[in-house]
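# Structural overview
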Amino acid sequence: MAVGGDGRSKGAGSVLAERLNHLFANMHPPGAPYTNAFVADEISGGAAEYGGVKVTEQYLSMLRNGRRTNPSPELLRALAKFFAVPVGYLLGDLSQPQAARVEEEVRFLAAMRDQRVRAIALRSVGLPPEVQDSLTTIISQFRQQMNLPADPPDQGDRDGRSGGQSGDQRGE
């Protein structure tokens, strides 16, 4: 059972809340992000797969807004399994470079939901490294000309152009 503390400290709880919100915003199929209710139902309903952990949508909401800061390690393992990230990312056991790497991979997976981005990436497969470097330079030049940041912001899947699955898969 997921049981947590009541602390509102700006320490580990706020890091956990930020990381959970990052995963909710980015680690989902095309369309809208998962809801707390959907994730709670998936974890609580998949007893064997998630180690028998039970969690409510209200408790997930409290974790995500920092009102609860000390979930059980079992719940953190279940959430990590659901979002396909290392449990150390949620436990806070990873070094800053390791956590940054996980977040980079999450952003990459989110970007790959966009059909156009995926098509560009796949077309570069098999090209020599120097050609891939040239393509990267060209894209950077386009971003600069359009007054965009050098790297795209962490924005999830807001444009909705990638099509995808219906709301029933997200628990809405």
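Residues numbered from 1 in each chain as written. Predicted model: local features only at pLDDT ≥ 70, side-chain atom pairs only at ≥ 80, totals over all residues. Heavy atoms only, no water.

## Describing helix α8 (residues 129–145)
The first and last C-alpha atoms of α8 sit 24 Å apart over 17 residues, in line with the 24 Å expected at 1.5 Å per residue. Just downstream of α8, Asn147 is the residue with a positive phi angle, here 55 degrees. (Helix = DSSP H or I, 4+ residues; strand = E, 2+ residues; numbered from the N terminus. Expected span 1.5 Å × (residues − 1).)

## What to know about the environment of Phe38
Among the structural elements, Phe38 can be located in helix α2 (residues 36–45). Along the backbone, Phe38 and Thr56 are 18 residues apart, and their C-alpha atoms lie at a distance of 9.8 Å.

## Topic: the packing of α2 against helix α4 (residues 73–83)
The interhelical angle for the contact between α2 and α4, taken along N-to-C directions, is 105 degrees, at an axis separation of 11 Å. Taken together, the axes of α2 and α4 lie roughly perpendicular to each other. Residues Phe38, Val39, Glu42 and Ile43 of α2 form the contact with α4, whose own contacting residues are Ala78, Leu79, Phe82 and Phe83. Partitioned by chemical class, the residues of the contact of α2 with α4 number 7 nonpolar, no polar and 1 charged. (Axes fitted to C-alpha atoms, helices over the stretch in contact; angles between N-to-C directions. Parallel < 35°, antiparallel > 145°, perpendicular 65-115°, else oblique. Contact = heavy atoms within 4.5 Å. Nonpolar A, V, L, I, M, F, W, Y, C, P; charged D, E, K, R; others polar.)

## Quick look at the confidence of the model for the protein chain
The predicted model of the protein chain has a mean per-residue pLDDT of 80, with 80% of residues at 70 or higher. Across the protein chain, helix α3 (residues 57–64) holds the top mean pLDDT of 96, while helix α7 (residues 115–123) sits lowest at 84. Note on residues 1–10: pLDDT is under 50 here. Beyond four places in sequence and across chains, it has 27 contacts. This stretch, residues 155–172, has a pLDDT under 50; its non-local contacts, to residues over four places away or in other chains, come to 37 contacts. (pLDDT = per-residue confidence, 0-100.)

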